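Chain by chain, the residues run as shown.
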Amino acid sequence: MEQVKTATSRLFVTSAVENKDDLEEKLERSYQVVQTLTAGLSDKDAHDALNNALLKEKGYEEISLGFLVTILTEPQNAIKCYRDLTLITRDGLGLILTHLSQLVLDRYLRFTDVVKSQLLWLLREMIRNAVSNVDNLCWNLMRHAAGGDVSVKNIMLVEKLLDVFIEYRSWLDKFPLLLASVVYTYLRLVEDHNAPNLQQLRQKEVNFLVCVLRERFHECLVLGRDLVRLLQNVARIPEFEQLWKDVLHAPKTLSPSFNGVLQLLQMRTSRRFLQSRLTPEMERKLVFLTSQVRFGNHKRYQDWFQRQYLATPESQSLRCDMIRFIVGVIHPTNELLCSDIIPRWAVIGWLLTTCTSAVAVSNAKLALFYDWLFFDSEKDNIMNIEPAILVMHHSMRSHPAVSATLLDFLCRIITNFYPPLTEKVRNGIFSSLRQILDKRVLPSLLPLFDNAKLDRELRNMIRETFKEFCNQNSESSSKIEEFGSQAVKIEDGDDNRINNTVNNHILDEPAFSDEEDEPSLVVVHPPEDDTDDDDIPLAKVLKKERLDNKSDDVFIDGPLKVSLNGLQAEKHREKRCEAMEDVLQDVSDLDEDSDVFPGIAKSLCNILYEDFKTELLPKAVSDETLLDSIKYPIFVIFDSLLNSIKSEDTSNRDRILKLVSEMHSCQPCIGYLLLYYLKVKHRTGKKEEQSKITSLKISVYKDFCQTVEKKIDNCLYDDLNACHITDNSLMMWIVPDLYKDFKQQTVNNAQILRVIVSSIDALQLQELISLIMQGQLTMFKSDSLQTLLKTSLTWESIEQFFLWQLIQAHDIPIDSIIPLVSHLNYQQHAEALTAITLLLKQDKPTSDTIKYLFSRDIRDKCDPFLFTMVKYWCENDLDKLGELISSLLSTRYPATSPNKRKRNKSLSATVPSADQVLGHLDLLRINCEKNDGLGLYSLDSMQKALIIAQNNSTDSQKKHFNELFSLTEEEDSGTSKSRNPGRGRKPTNKWPLKRPANAGLLYSEESSEEEEIVKRKRKRVVSDSD
């Protein structure tokens, strides 16, 4: 290969002032290693040199990444390098996919045009060669196909990816989640491609989507209610028009499990799909805006965002995606709600007021209220409906037109969304409003619904629509305005800012940032003697209490006050750690029951506030980087705690634990920071002391839980939950150790498990499965697994899919899982039934399996799950299946078979009942007749069992299952008459036991001589039973 010398980056577009970071240097170094080894050599010599290099430490990684860089930057050498890469890979290109996925997520926009083109070429090659986990790369790459962007580069990516999915459609069908995401993405993109020059692309998208939706609609049901929202936007396109009609009026033509549009509308869309419609760059900016930017400083950030992403006419449709993301994905903590960070409602208000397209505004309103329409307090989240009510409430003073148009929209959407579901929509909106009042998001709706700033016609419509919420006694509909008249202006500077308890924020009524000149912000000055918190939401009350309690600091005096001031003044990290040691020295001199600990804790939390927001986990994890990451003052406290436990200094240990406990009440992140610190100490400790360090870190965390007065499992849950919101990668790094050190509290713990599966991505799932298969992680045990599985049935689909993949990685015996099937509904529990179906496919039928399958509820039609398993087992284990089913049926009549009753003591004689077994067999019979196959019923064991059942059935049962019993061989008429004259069984119209030429699946083949023997045996069985 010819080496190309260049002074600039090979992979990225860079400016003169940008330096290469560690990853870029690593990739460049790997490329140079490969070039140096192969320069000027023949193919054979080059292979020998590469094989020798692979034997060195980190040689495999260097050579693999060197080939990757070559493939991405040198198209002329790509084919040869890809071939060599497939020859040397040890992990099925896992290393390459890991780095590619990360590069695509973090740096795709910086790739050169050549790299972007080669990336798609490499993607095609890996799909064509069926490389594992390429679907994750597709998912990440598809996120860069931005909505509201018709630039040449974006359109090229959209079209190239579409071509890949069309060409490798059979591969795509193997990944239901990726397929659903592709449908969601292109349904959203197709509405942007209405320009004349994009007609060809649009037609290609439409044809692809209609085809996938008609053929794979069942897999698309996982998209939930937002699938309906996107279909509404494209329903006027001719090809979609008929599909839309089928969704509304003929749902069964799309999928047997699809019962109608209401089924979709009642299903909340997973966060992952909402997240997928923002590029990683947009997502980072929005998360930063809603978690780091303070009120008063937000306008310049919003202006930048507006110029970057929302400046063109086409980009107006992106506002819906952003609103759905903010509503459904960004759920701030109570701590954040109590801060002066810009709230979600203000960002949404800014998006609404700056929109320049009437159609986009209408769609944005629908996106904001979409979760209201079919809100179910048992399934849906209050955080999904909170922003809309707060936008209306807080806009009433500064932007009353915004409140008016949203209230008008809310009234009209009830009857206009879909007339046949008017009552459902009304119930959903009323349920939302009740939940808002119950959770005290607003203390009352009267100031909003009956406000003097609304015109009379709108107020009348609101009263008529929301009678339940307007028929409350109130002194005045303009009470909020009288309260607002006591406003004072804020002078510039933070020192003059007046704290209040409205809206969980320091500033009361900040206006939306728009293109108009902003008036001076005002803040309500509450009466001094007003201590009534009844009209203030809980989060605001907490903030008020916290602000009031700041006076605790004044009791800190003497050397401790000097030490705290010294810590606050220091800026250098090492000196701050030394200052923290001085603080702890002064703390050790305090009495254990001193009442100054809360004040010290609050002071420390304020001083260390910026440290708590620091990203701790290094990108390149090593002992050196890990030890460097805990060189912050907070970890000096943990060092002191650890040393006091080692030295058995109980007095100092109790003081520090008390301090840590008080800090935890102010900063919940203290818990997971302690877990991180303990893992770093364990990871970097001496190997011969590992067991001692393990027991020590368990002891430290147990003491911490005891001090904060929480059970260990509750404490672990709270810490993981707080960690995943702040730093998901950090949470995933500490999780494996928790399952080792706290097995009793974590294994089979549904709460902890849901935090994990709700926050991980596909790559992190892969890492967990790898640890499980290596024997380094155990998340489940067979005991009490049923409780966990039943709890998981209410989780989101993506969470259940991840759960079942983790279960399958553990090789849990099917006997521990199969009892669940009797509780599962085919329509409502598709995720669990799909997973169990695949598990049963790998096993042979057993008596317990058959018992639980036939214990399922009987419905009008044959149970598709039961039929699927019976049909599958008929192909491979027909005789065994017949014996198991006949044995189960026979044991429903113990009086006729005392020996069998003794042999089957483990099987319940009442569950399933005889009616259940016969009912399922009858429905299976109908399905078998439709498929022209009744061989299962012609087995000798089945014939005997059916005869026993018939002879012991009541008259009503015989009548009900007449056609099932008609499958048994008729008794000889003469014998019948002589044995029971005048009461012989009336001949019935038998269903013929057909035998096609290719008898196989459900047929048994015996010779005519064998059939005669079987008939004689059956007659003896009948005589015996009589």
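Being a predicted model, the structure only gives us computed values, none of them experimental.

The rules we used
Residues numbered from 1 in each chain as written. Predicted model: local features only at pLDDT ≥ 70, side-chain atom pairs only at ≥ 80, totals over all residues. Heavy atoms only, no water. Helix = DSSP H or I, 4+ residues; strand = E, 2+ residues; numbered from the N terminus. Buried < 20%, exposed > 50% of the residue type's maximum accessible area, 1.4 Å probe, protein only. Areas by Shrake-Rupley, 256 points an atom, 1.4 Å probe, with all protein chains shown as cover. Expected span 1.5 Å × (residues − 1). Contact = heavy atoms within 4.5 Å. Salt bridge = Lys/Arg side-chain N within 4 Å of Asp/Glu carboxyl O. Axes fitted to C-alpha atoms, helices over the stretch in contact; angles between N-to-C directions. Parallel < 35°, antiparallel > 145°, perpendicular 65-115°, else oblique. Left-handed = near helix turned anticlockwise from the far one by under 90°. Nonpolar A, V, L, I, M, F, W, Y, C, P; charged D, E, K, R; others polar. Polar contact = N/O pair within 3.5 Å; in protein donor to acceptor, adjacent residues only side chain to side chain. pLDDT = per-residue confidence, 0-100. Phe/Tyr/Trp six-rings, centres within 6.5 Å; stacked < 30°, edge-to-face > 60°. Patch = residues over 30% accessible without salt bridge, like charges linked within 9 Å, V, L, I, M, F, W, Y side chains within 5 Å. Lys, Arg positive; Asp, Glu negative; His and termini not counted. Charge placed at Lys NZ, Arg CZ, Asp CG, Glu CD.

Novice: Outline the overall build of the chain, listing residues and values.
Specialist: Looking only at helices and strands, the chain has 56 helices and two strands in total. For the chain, buried positions account for 53% of its 1026 residues. In the form shown here, the chain has an accessible surface area of approximately 48300 Å², with 48% of it arising from carbon and sulfur atoms.

Novice: Residue-level account of helix α32 (residues 573–587), with values.
Specialist: Given 3.6 residues per helical turn, the α-helix brings residues three or four places apart onto the same face. In this model α32 runs 21 Å from its N-terminal to its C-terminal C-alpha over 15 residues, within 8% of the 21 Å that 1.5 Å per residue would give. Listed as buried for α32 are R576, C577, A579, M580, V583, L584, D586 and V587. On its buried side, α32 packs onto α31 (559–569), α33 (597–607), α34 (609–612), α36 (633–646) and α37 (650–666).

Novice: So what's going on with the environment of E615? Residues and values would help.
Specialist: For E615, the position within the fold is in the loop between α34 and α35 (623–629). E615 sits in the exposed class, given a relative accessible area of 59%. Taking the C-alpha atoms as reference points, E615 and S729, separated by 114 residues in sequence, lie 9.8 Å from one another.

Novice: If you had to explain the pattern of salt bridges to someone new, which residues and values would you point to?
Specialist: Summed over all chains, the structure comprises 54 salt bridges. In this structure, the salt-bridge partner of R216 is D173, at a minimum N-O distance of 3.6 Å. One end of the pair, R216, is in the loop between α11 (199–215) and α12 (217–220); the other, D173, is in the loop between α9 (169–172) and α10 (176–190), and 43 residues separate them in sequence. In this structure, D226 and R324 form a salt bridge, with 2.8 Å as the shortest nitrogen-oxygen distance. You can see D226 sitting in helix α13 (residues 225–234) and its partner R324 sitting in helix α19 (residues 318–328), a full 98 residues away along the chain. In terms of burial, D226 and R324 fall into one category: buried. Via salt bridges that share partners, R225, D226, R229, R268, R324, D371, D380 and E796 belong to a single interconnected network.

Novice: Describe the packing of α13 against helix α14 (residues 238–249), naming the residues involved and giving the relevant values.
Specialist: Between α13 and α14, the least distance of the axes is 9 Å, while the angle of their chain directions is 140°. By the angle between their directions, the pair α13 and α14 is classed as oblique. Helix-helix and strand crossings are classified by hand; for α13 and α14 the assignment is left-handed. Contacts between α13 and α14 involve V228, L231, Q232 and V234 from the first element and F240, L243, W244 and V247 from the second. For the contact of α13 with α14, the class distribution of residues is seven nonpolar, one polar and no charged.

Novice: Account for the side chain of N749, naming residues and giving values.
Specialist: For N749, the position within the fold is in the loop between α42 (743–746) and α43 (750–759). On the basis of relative accessible area, N749 is assigned to the buried category, the value being 14%. A distance of 3.1 Å separates the side chain of N749 from the backbone nitrogen of I752, its partner in a polar contact.

Novice: Any chance you could break down the confidence of the model for the chain for me, citing the residues and the numbers?
Specialist: Looking at the chain as a whole, the pLDDT averages 81, with 83% of positions reaching at least 70. Across residues 1–6 the pLDDT falls below 50, and counting only partners more than four positions away or on other chains, this stretch makes 15 contacts in the model.

Novice: I'd like to hear about unusual backbone geometry, residue by residue, with values.
Specialist: You will see that L93, though not glycine, has its phi angle at about 65°, which is positive. A relative accessible area of 4% means that L93 is categorised as buried. Although it is not a glycine, D811 sits at a positive phi angle of roughly 60°. Looking at where D811 falls in the secondary structure, it is placed in the loop between α46 (797–809) and α47 (830–841). According to the relative accessible area criterion, D811 is exposed, its value standing at 67%.

Novice: With reference to specific residues and values, describe the packing of α43 against α46.
Specialist: α46 packs onto α43 with a crossing angle of 110° between their chain directions and a minimal axis gap of 9 Å. Overall, the two elements α43 and α46 adopt an arrangement that is roughly perpendicular. Within the contact between the two elements, α43 uses L753, R754, V757 and S758 and α46 uses E799, F802, L803 and L806. Among the residues forming the contact of α43 with α46, the class breakdown is five nonpolar, one polar and two charged.

Novice: Describe the side chain of D84, and please don't skip the residues or the numbers.
Specialist: In this structure, D84 sits in helix α4 (residues 78–88). Once residues lying within four places of it in the same chain are set aside, the contact partners of D84 are H47 and F67.

Novice: Residue-level account of α46, with values.
Specialist: Between its first and last C-alpha atoms α46 spans 19 Å; for 13 residues at 1.5 Å apiece the expected length is 18 Å, and the two agree. Every buried residue belonging to α46 is among S797, I798, E799, Q800, F802, L803, W804, L806, I807 and A809, and all of these are buried. Buried residues belonging to α46 abut α10, α16 (271–276), α43, α44 (762–773), α45 (785–792) and α47. D811, located one to two residues past α46, shows a positive phi value of around 60°.

Novice: Let's hear about the packing of aromatic side chains: which residues, and what values?
Specialist: In the structure shown here, the tally under the stated rule is 26 aromatic pairs. Summarising the aromatic geometry, the rings of F369 and F409 are spaced 5.9 Å apart at their centres and angled 20° between planes, so their arrangement reads as stacked. Of this pair, F369 sits in helix α22 (residues 358–369) while F409 sits in helix α24 (residues 400–416), and the two are 40 residues apart along the sequence. Classification of F369 by relative accessible area gives buried; the value is 1%. Ring geometry for Y370 versus F417: centroids 6.2 Å apart, planes at 70°, classification edge-to-face. Residue Y370 is found in the loop between α22 and α23 (386–398), and its partner F417 is found in the loop between α24 and α25 (422–438); the two are separated by 47 residues along the sequence.

Novice: Go over a negative patch on the surface with me, naming the residues and quoting the values.
Specialist: A grouping of E574, E578, E581 and D582 is seen on the molecular surface, where their side chains present a negatively charged patch. According to the relative accessible area criterion, D582 is partly exposed, its value standing at 46%.

Novice: Tell me about the environment of D639, residues and numbers included.
Specialist: With respect to the secondary-structure elements, D639 resides in helix α36. Each C-alpha atom, one on D639 and one on K681, is 9.7 Å from the other, the two residues being 42 residues apart in sequence. The contact partners of D639, leaving out residues within four places of it in the chain, are Y677 and K681.

Novice: Before we move on, can you summarise the environment of A180 with the specific residues and values?
Specialist: Along the chain, the position of A180 falls in helix α10. Taking the relative accessible area as the measure of exposure, A180 reaches 0% and is therefore buried. Here the alpha-carbon distance between A180 and L223, two residues 43 residues apart in the chain, equals 6.7 Å. Beyond its immediate stretch of four places on either side in the chain, A180 contacts E219, V222, L223 and F273.

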